[in-house]
Amino acid sequence: MKTFPATAQQILERGQQGRTYLRLTLAVVSLAIFLDALDVSIVTIALPNIQRDLQLTTTELQWVPGIYVLTYAGFQLLGGRAADLLGRRRIFLLGAALFGLASFTTGMAHSGWLLILARGGQGIGAALTFPAAVSILTTTFAEGVQRNKALGIFMAMGAAGFTGGVILGGVVTTFLNWHWIFFLNIPVVLLILLLSRFVVPEGRSPPRPRSYDLVGAVTVTAGLLLLVYAVTQAQEDGTSVVKTVGLFALAGVFLAGFLLIERWSKAPLMPLTILRSRLLCVASVASLALQGSVFGFLFIYTLSLQEIAHFSPMNTSLALVPASIASALIGLFVAPWFMNRLGLRLTSVLGLLCLLRGIALFLRVDEAGDYVGTILPSVVLALSGAGLAGPTLSVAAVSRIAPTEQGLAAGLQGTCMQAGGGLGLAVTAAVVTAFLAFGHSIAHPSALLAETQFNGYHAGLLVAAGGAALGALMALVGIQKPPEDLEAKKKVLPV
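Residues numbered from 1 in each chain as written. Predicted model: local features only at pLDDT ≥ 70, side-chain atom pairs only at ≥ 80, totals over all residues. Heavy atoms only, no water.

### Here's the deal with the packing of helix 13 (residues 278–307) against helix 14 (residues 313–342)
What describes two packed helices is the angle between their axes and the distance between those same axes. Selection criterion: Fitted lines through C-alpha atoms give the axes, limited to the stretch in contact for helices. The angle between two N-to-C directions lies from 0 to 180 degrees. A run of DSSP states H or I qualifies as a helix once it reaches four residues; a run of E qualifies as a strand once it reaches two. Both are numbered from the N-terminal end. In what follows, roughly perpendicular refers to angles from 65 to 115 degrees, roughly parallel to angles under 35, roughly antiparallel to angles over 145, and oblique to any angle outside these ranges. Put simply, a crossing is left-handed when the front helix is turned counterclockwise from the back one by less than a right angle, and right-handed when it is turned clockwise. Any pair of residues with heavy atoms lying within 4.5 Å of one another is described as a contacting pair.
Running from N to C, helix 13 and helix 14 point in directions that differ by 135°, and their axes come no closer than 9 Å. By the angle class used here, helix 13 and helix 14 are oblique. Crossing of helix 13 over helix 14 shows right-handed handedness. Touching Leu298, Tyr301, Thr302, Leu305 and Gln306 of helix 13 are Pro313, Thr316, Ala319 and Leu320, all from helix 14.

Here is the structure:
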């Protein structure tokens, strides 16, 4: 079945009306990542309040953001495949509706288990929406400068959502309560559902049997959840080595089972032939390291400022605003310019190194809470680096991928990115918990707060820094400049 409009060039042939249509399509689709980033940052700011209200341990607390990114990761491949087969706009709308329903349930939660369960529902909704949104853009805008610009704007909207969440998180948590941070998603979801019917084109791959690898989706999600659980529970009191090793082994069985299912399935969730694209594989692994580093850093940032420097939730959120604005501007203007002139490899490496430098500078934060000299430059560097590397890796992941597999490629890169966020959070929380437990065993609680907690947060920052360094190394070694990039640069279409 032929869909219209199919490409940016065909739309632009309609003149000014076509250009307006393109801008509206990009704006509405970008609301998906705006909502995703808004939810991440607004929850991050509210974590200490949620912990106190629901009496959660540090290990339990990391599941509030962690379950979201893990279900987001585990079901993105299914979302991308469903978008290719059932229709990209249809899956985009389904994911947005599910996200809105789960947001309402999360806002109504008054227990830890219900909050975590509903957050998982939000992750599934986002897992359907994100790859559908990316594939809508990559099948609408031609590969090269045009697509680079569109995806740069798309990712910049994520940075804008992050900024909005930072501001609203402090305001809502201070003057209302943390439940309202989830209700704020609902108006944005309604706007997406209303406008998408009119300005987002439908599209799907050529007709093929509609078979969905639900078993594969459940298997990979279970493997990721077990892996994170094995990391987090390893530091809990009473946990034996046998239990920990058993959980890691079971997680490995599920993940290996997923690969076997994909190998023999007639309609695999992730056809293993997609892994022949070296650029996609490298970009996906680098995205995993990037997101793990960012999530770990933000987790420590929030706890450090509120527990050590004694910032209020409002001040903690306001401290992130300049960095969030810088990240949005870099994703919107700087990242596309760098990609077109320096190439994907150098741009992604530069972004990851900026992230690494920002995390290293944050190690200097202490009880004095020097905002101008330490906190501001560290978060600006870190989030600006993420704003530069994120769009670049997204472009790299879908470069030279067939149109019929754009949703799958976007889903694979998104899966690795969100899995990295969950694993980064888990490892960071486990390291902090280990330091706190050790401090309780050798020090008085008052001394623990002054020194052991401080050292635990430093250890968590080193984990985040290691993720950024790994991502930079992967991008430097694995991303090669394709010869066709030079030709793509010559084909510039106005948006």
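### Things to note about the side chain of serine 293
The test is simple: N or O atoms within 3.5 Å of each other form a polar contact, as long as, within protein, one can give a hydrogen and the other can take it, and as long as residues adjacent in sequence are counted only when both atoms are side-chain atoms.
Position of serine 293 among the secondary structure elements: in helix 13. Here the side chain of serine 293 touches alanine 464 through a polar contact of 2.6 Å, landing on its backbone oxygen.

### Examining helix 13
Rule in force here: Helix span, as expected, comes to 1.5 Å for every residue beyond the first. Type-normalised accessible area, obtained with a 1.4 Å probe on protein chains alone, sets the label of each residue: buried when under 20%, exposed when over 50%, and partly exposed for intermediate values.
If you check helix 13, its first and last C-alpha atoms are 43 Å apart, about what 30 residues at 1.5 Å a residue would give, namely 44 Å. Burial runs high along helix 13: 25 of the 30 residues are buried.

### Remarks on the confidence of the model for the protein
Threshold: Residue-level confidence of the predictor is what pLDDT reports, using numbers from 0 through 100.
When pLDDT is averaged across the protein, the result is 77; 81% of the residues are at 70 or more. Across the protein, helix 15 (residues 344–362) holds the top mean pLDDT of 91, while helix 19 (residues 484–488) sits lowest at 43. Across residues 1–9, confidence stays below pLDDT 50; counting only partners more than four residues off in sequence or on other chains, it has 21 contacts. Low pLDDT, under 50, characterises residues 484–495; the stretch is placed with 19 contacts to residues that sit more than four places away or in other chains.

### Focus on the packing of aromatic side chains
Worth spelling out the cut-off: The aromatic pairing rule takes the rings of Phe, Tyr and Trp, using the six-membered ring of Trp, and pairs them if the centres are within 6.5 Å, calling planes under 30 degrees apart stacked, those over 60 edge-to-face and the rest tilted. Charge over a ring is defined by NZ of Lys or CZ of Arg lying within 6 Å of the ring centre and within 35 degrees of the ring normal.
Per the stated rule, a full pass over the model turns up nine aromatic pairs. Ring centres of phenylalanine 297 and tyrosine 301 lie 6.5 Å apart, and the angle between their planes is 40°; this geometry places the pair in the tilted category. Taken together, the residues span about one helical turn, with phenylalanine 297 and tyrosine 301 both in helix 13 at a distance of four residues. Each member of the pair, phenylalanine 297 as well as tyrosine 301, is classed as buried. The rings of Phe104, Trp180 and Phe183 are connected pair by pair, giving a single aromatic cluster. Residue placement shows arginine 263 over the ring face of tryptophan 264; its charged tip is 4.4 Å from the ring centre.

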